[in-house]
Amino acid sequence: MGTSLLFGAVASSALVLGALIGVRFELPKRLLAILLSFAAGALITALTFELFEDAYQRGGIVRAALGLLVGAAVFTALSALLDRWAQPGSKPVPAGEFRGSAKLDTDAAAEERAPTPASTRGAAGMALLAAVTLDGVPENIALGVSLGEGTGGLALLAAIFVSNLPEALVGAASMRSQGHTGGAIMTLWTVCAVLLVAAVVLGAGPLSGTDPETISLPLAFAAGAVIASLADTLMPEAFEHGGPAVALSTAAGFVLSFVLSLA
């Protein structure tokens with residue numbers, strides 16, 4: 001229990017730290033892109049070796065594949081709804097054109113450009129908070145399961161931390177630009193952090209002794225949600241603001257997370 005609380009606190013502390021930075025500072029857009037791409041690289045390792053591989057070993061390829069596809073589909077559908085929430089009344093994007101995700105509007109947190117209308121409405125920050133909770137709960141349950149069974153979890157812990165930080169930073173900055181007080185913003189992200197700590201404890205406690213085939217489903221679902229978030233939000237936004245240079249930070253995140261997975 002103590003270990004699961006510690007790991008959960010470390011993983012979720014990135015939400016509080018990111019929100020604090022987002023409330024107080026404006027960062028260069030290129031730096032935000034590097035943070036996002038580094039997080040993407042770390043998540044690639046985590047979803048492969050900590051989530052999907054574990055789901056496959058527990059429940060077989062059919063169960064793991066179905067769980068992954070369901071997780072990706074659910075995240076994609078809810079992500080589209082959250083984008084509409086962040087940009088109410090926006091026109092459909094023409095075929096072949098990419099506008100970026102309103103949930104992760106880095107204009108609100110950067111110093112080079114004024115925030116977009118979606119950011120100043122504050123909906124982008126709230127939508128991103130919802131998105132972090134959506135993929136964070138299954139990720140943290142998976143982290144708890146790995147801790148409860150003594151199978152490590154360092155790579156997944158690192159991936160969760162480095163992905164939570166920029167998302168919370170941008171989300172808090174969006175809320176700040178809309179006029180929310182620092183106290184209200186910090187309260188919202190702290191509540192989200194506490195919820196994700198509880199998910200780790202749930203995975204390490206009641207769910208750790210569950211039948212392996214049953215556990216394989218939430219693990220695969222988490223993998224699907226993560227891979228969808230990479231394709232839908234993190235990688236497109238990182239490349240849009242960082243260009244080809246983000247390839248190196250993505251590789252760095254992958255290598256760090258892979259080394260931790262061997263520990």
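Residues numbered from 1 in each chain as written. Predicted model: local features only at pLDDT ≥ 70, side-chain atom pairs only at ≥ 80, totals over all residues. Heavy atoms only, no water.

## Digging into the overall build of the chain
Condition: Helix and strand definitions here come from DSSP, where helices need a minimum of 4 consecutive H or I residues and strands a minimum of 2 consecutive E residues; each element is numbered from the N-terminal end. Residue contacts are counted whenever heavy atoms from the two residues lie within 4.5 Å of one another. Only the protein chains shown count as cover for residues, and all accessible areas are computed by the Shrake-Rupley method using a 1.4 Å probe.
A tally of regular secondary structure across the chain gives eight helices and zero strands. Beginning at the N terminus, the succession of helices and strands in the chain can be written as α-α-α-α-α-α-α-α. Considering only contacts within the chain whose residues lie at least 6 apart along the sequence, 85% involve residues at least 24 apart. Taken as a whole, the chain presents about 11,000 Å² of accessible surface, with 71% of it coming from carbon and sulfur.

## Examining the nonpolar core
Stated formally: We define the nonpolar core as a collection of buried residues of types Ala, Val, Leu, Ile, Met, Phe, Trp, Tyr and Cys that are connected through side-chain atoms lying within 4.5 Å of one another. To sort residues, take the accessible area from a 1.4 Å probe on protein chains only and compare it with the maximum for the residue type: under 20% means buried, over 50% means exposed, and anything in between is partly exposed.
Ranked by internal contacts, the top residues of the largest apolar core, which has 34 residues, are L43, L51, L143, L156, L219, V226 and L230. For this core, the leading source of residues is helix α2 (residues 29-86), giving 11 residues. Residues L129, V132, C192 and A193 belong to the second largest nonpolar core, which totals 13 residues.

## Topic: the environment of L262
Checked against the element boundaries, L262 lands in the segment after α8 (246-261). Along the backbone, L262 and G153 are 109 residues apart, and their C-alpha atoms lie at a distance of 10.0 Å.

## Details of the environment of D54
One can find D54 in helix α2. Of the residues examined, D54 reaches a relative accessible area of 15% and is grouped as buried. Between the C-alpha atom of D54 and that of S216, which follows or precedes it by 162 residues, the distance is 7.2 Å.

These results come straight from atomic positions and should not be treated as a statement about function.
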